[in-house]
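Coordinate inspection notes
Residues per chain, in single letters:
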Amino acid sequence: MLKIYGVYRSRASRPLWLLAELDLPFEHVPVIQANRVAHPHGPEAPLNTASAAYLAVNPLGQIPCLEEEGLILTESLAITLHIARTQGGQLGPRSEPEDALMVSWSLFAATAVEPPALEIQLIQRSGGGTSPEGQAAIAIAAERLRRPLARLERHFAAEDYLVGGRFTVADLNLAETLRYGQAHPALLEPFPAVAAWLDRCQSRPAFRLMMERRAAEPE
Ligand SMILES: N[C@@H](CCC(=O)N[C@@H](CS)C(=O)NCC(=O)O)C(=O)O
């Protein structure tokens, strides 16, 4: 059976959201980030990214990780693309061009969107958003997102979703990277079509279920 390693409060949210969309059976191993554990090597420590048992599965020591019939796959977006291709139904590609577009949008999410969006979330989480330095750093990250968001705004002014006129793994991958940027509510104000698309994605029952399970985990 397909196995996913990683707590909901991590990039494992991406495959876990997709699996909820598809209602697929899987085994969940809630490996937690070592930096969230007081003594990651202590005898009482939960299974974490520095545990020898986890490093034997993923020597990189990061979550998420998928294990399926001898295949070990890391990189959250590669995991979701793999699940979508093999068991994704309408959420996966229906043709080679669709597959190419889903990979392209996922790489766009990982390279153009995730780094500045994550920067915003990290600053806000550390409480830095109220200091002048923090606000300046957020403004720089928001500026780095301006061109990718403008590109998306043009797309969503004409289309409801990224590929094939339907919600797919490409939307899920992009939505979960852009979610970090929502820590700065003004970010999407100049991009109403992007905001409406993100709302469509986040209104889905499977997203809400994933977020409920995430909220149920200790902070
Ligand atoms: N590019 C990777 C990043 C994975 C990653 O950084 N995971 C974090 C949690 S979201 C992690 O494992 N941190 C704990 C650690 O590095 O020990 C992906 O998308 O899967």
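Residues numbered from 1 in each chain as written. Predicted model: local features only at pLDDT ≥ 70, side-chain atom pairs only at ≥ 80, totals over all residues. Heavy atoms only, no water.

The name given to the protein chain in an unreviewed UniProt entry is Glutathione S-transferase, and the organism recorded there is Cereibacter sphaeroides. Entered under Sequence similarities (unreviewed entry) in the UniProt record, the comment concerning the protein chain runs "Belongs to the GST superfamily." (UniProt positions renumbered as here; feature names shortened; annotations may be inferred.)

Next up on the list: the overall build of the protein chain. Helix and strand counts for the protein chain stand at 8 helices and 4 strands. Listing each helix as α and each strand as β along the protein chain from the N terminus yields β-α-β-α-β-β-α-α-α-α-α-α. Taken over the C-alpha trace, the protein chain has a radius of gyration of 18 Å; the compact-globule value for 219 residues is 17 Å, and the two agree within 12%. By the burial criterion, 51% of the 219 residues in the protein chain qualify as buried. Considering only contacts in the protein chain between residues 6 or more positions apart, those separated by 24 or more positions represent 62%. For the protein chain, the accessible area works out to roughly 10700 Å², and carbon and sulfur atoms hold 55% of it. Side chains of the protein chain carry 20 positive and 25 negative charges; the gap between the two charge centres is 3 Å. (Helix = DSSP H or I, 4+ residues; strand = E, 2+ residues; numbered from the N terminus. Rg over C-alpha atoms; globule rule 2.2 N^0.38 Å. Buried < 20%, exposed > 50% of the residue type's maximum accessible area, 1.4 Å probe, protein only. Contact = heavy atoms within 4.5 Å. Areas by Shrake-Rupley, 256 points an atom, 1.4 Å probe, with all protein chains shown as cover. Lys, Arg positive; Asp, Glu negative; His and termini not counted. Charge placed at Lys NZ, Arg CZ, Asp CG, Glu CD.)

Bringing the sheet that holds strand β2 (residues 27-29) into the picture now. Spatially, the 4 strands line up as an open sheet ordered β2-β1-β3-β4, and their pairing is mixed. At either margin of the open sheet sits one strand with a lone partner, and together these are β2 and β4 (71-74). Between one strand and the next, the sheet's axes are offset by a mean angle of 20°, whatever the strand orientation. Strand direction decides the pairing type here: strand β1 (residues 3-5) and strand β3 (residues 65-68), joined by 3 bridges, are antiparallel. Bridged to tyrosine 5 within β3 is cysteine 65. Contacts between helix α3 (residues 76-87) and the sheet are confined to β1, β3 and β4, with β4 contributing the most and set at about 130° to the helix. (Pairing = 2+ DSSP bridges. Axes fitted to C-alpha atoms, helices over the stretch in contact; angles between N-to-C directions.)

Mean pLDDT over the protein chain: 97, with 100% of residues reaching 70 or higher. This complex was scored by the predictor with a pTM of 0.97 and an ipTM of 0.99. (pLDDT = per-residue confidence, 0-100.)

In this sheet, β4 lies alongside β3 in antiparallel orientation, the contact comprising 4 bridges. Opposite glutamate 67, over in β4, you have isoleucine 72 as the bridge partner. Between the antiparallel neighbours β3 and β4 lie 2 residues, among them glutamate 69 with a positive phi of about 45°.

Below, the discussion takes up helix α5 (residues 132-158). For α5, spanning 27 residues, the distance from its first C-alpha to its last is 38 Å, which sits close to the expected 39 Å at 1.5 Å a residue. Residue arginine 146 marks the point of greatest curvature in α5, where the axis turns by about 40°; the proline proline 148 follows within four residues. Where α5 is concerned, the buried positions are Gly134, Ile138, Ala141, Ala142, Leu145, Pro148, Leu149, Leu152, Glu153, His155 and Phe156. Each element contacted by the buried residues of α5 is listed here: α4 (96-125), α6 (169-178) and α7 (192-202). (Expected span 1.5 Å × (residues − 1). Bend = angle between axes of the 7 residues up to and from the residue.)

Looking now at the UniProt feature "binding site: glutathione" (unreviewed entry) in the protein chain. What UniProt calls "binding site: glutathione" (unreviewed entry) maps, in this numbering, to Arg11, Thr49, Ile63, Ser76 and Arg147. An extended arrangement is adopted by the annotated residues: their sequence extent is 137 residues, and the largest C-alpha distance between any two is 34.7 Å. For arginine 11, a relative accessible area of 31% translates into the label partly exposed. If sequence neighbours within four positions are ignored, arginine 11 has contacts with Pro64, Ser76, Glu114, Leu118 and Tyr180. Along the chain, serine 76 turns up in helix α3. Sequence-distant contacts of serine 76, defined by excluding residues within four places in its chain, comprise Arg11, Arg14, Pro15 and Pro64.

What follows is about the UniProt feature "domain: GST C-terminal" (unreviewed entry) in the protein chain. Here the UniProt feature "domain: GST C-terminal" (unreviewed entry) sits at residues 95-219. The distance from the first to the last C-alpha atom of residues 95-219 is 41 Å, and the span holds 72% helix and 0% strand.

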